[in-house]
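# Geometric and topological summary
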Amino acid sequence: MQIFPAIDLKNGQCVRLFQGDFSKKTIVNEDPIEQAKSFAKSGATYLHIVDLDGALEGRPVNLEIIQQMKKVAKIPVQVGGGIRSMAQVDYYLESGIDRVIIGSAALTDPSFLHAAIQKYGTKIVAGIDAKNGFVATSGWLDISKVSYLDLAKEMEAMNVKTIIYTDIGRDGTLTGPNLEQMIALQNHVTVNLIASGGVSSRNDLEAIAELGLYGAIAGKALYNGNISMSDIVEVEQLAY
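Note that this is a predicted model, so its numbers are computed, not measured.

The rules behind the values
Residues numbered from 1 in each chain as written. Predicted model: local features only at pLDDT ≥ 70, side-chain atom pairs only at ≥ 80, totals over all residues. Heavy atoms only, no water. Helix = DSSP H or I, 4+ residues; strand = E, 2+ residues; numbered from the N terminus. Rg over C-alpha atoms; globule rule 2.2 N^0.38 Å. Core = buried A, V, L, I, M, F, W, Y, C linked by side-chain atoms within 4.5 Å. Buried < 20%, exposed > 50% of the residue type's maximum accessible area, 1.4 Å probe, protein only. Contact = heavy atoms within 4.5 Å. UniProt positions renumbered as here; feature names shortened; annotations may be inferred. Arc of directions from axis to C-beta.

Looking only at helices and strands, the chain has 11 helices and 12 strands in total. For the chain, the C-alpha radius of gyration of 16 Å lies close to 18 Å, the compact-globule estimate for 240 residues. Overall, the chain is about 40 × 35 × 35 Å in size when its C-alpha atoms are taken along their principal axes.

Written out as structure tokens, the structure is:
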């Protein structure tokens, strides 16, 4: 299983949110470049970076910082947050970013997602963020009436190979991942699934691995010490 240490960027700093609420922000490191370097040095094999400013503004606000993070980490990086045009996708991938995550636009502009997949294939990851099973957009500020399962099925039909699923209600809460929804997704589509939101311990990572999922994202628990980088390295290497 691939485990992604998460770095969320806001105002040039590494932060964590509670249930996606921008007013409930905690700064976990004022230097995201050093954070990326530290994760890589401790054994991370892939980083998950979200431009929270970009998610709100619909443009790559923290692009230069992300490029520097990739340069110092020297490991693969996937980036999301406000990616709503092919020009943005082109720029990220041409600048050396390994995968781009298309989130809100996957719902609001499916033709864009489809075009990106046709052009870049597996370098495009689709993100589904949901609250109570319904898809959220625009930096989690708007909740649609679209089921996460229905959207996942549509993405699969477009030939999406990897989906990141985030339960907003669990994100940043350390209450454990929503395994029930992950199992439902697993039974609904055949793509690679990455679980995000609520991971609180090594036991949670092991539970996700036991489901046979492709990956998991670790955020708040990694910063507060509930999960160590050695836990991540060891769980990644275990065979379930």
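From this point, things continue past the structure.
Counting 65 residues, the largest nonpolar core has Ile102 and Ile124 as its most contacted members. Those residues within four positions of isoleucine 102 in sequence are excluded, and the remaining contacts are Ile83, Val89, Phe112, Leu113, Ala116, Ile124, Val125, Ala126 and Gly127.

The sites that UniProt annotates as "active site" (unreviewed entry) are Asp8 and Asp129. In this fold, aspartate 8 is placed in strand 1 (residues 2-10). The residues touching aspartate 8, leaving out its near neighbours within four places in the chain, are Gln13, Cys14, Val15, Arg16, Val50 and Leu52. Within the secondary structure layout, aspartate 129 lies in strand 7 (residues 124-131).

For helix 11 (residues 229-237), every residue scored as buried is listed here: Met229, Asp231, Ile232, Val235 and Glu236. For helix 11, the angular spread of the buried residues around the axis is 155 degrees, confining them to a single face. Along its buried surface, helix 11 packs onto strand 1, helix 1 (32-41), helix 9 (202-210), strand 12 (215-218) and helix 10 (220-223).

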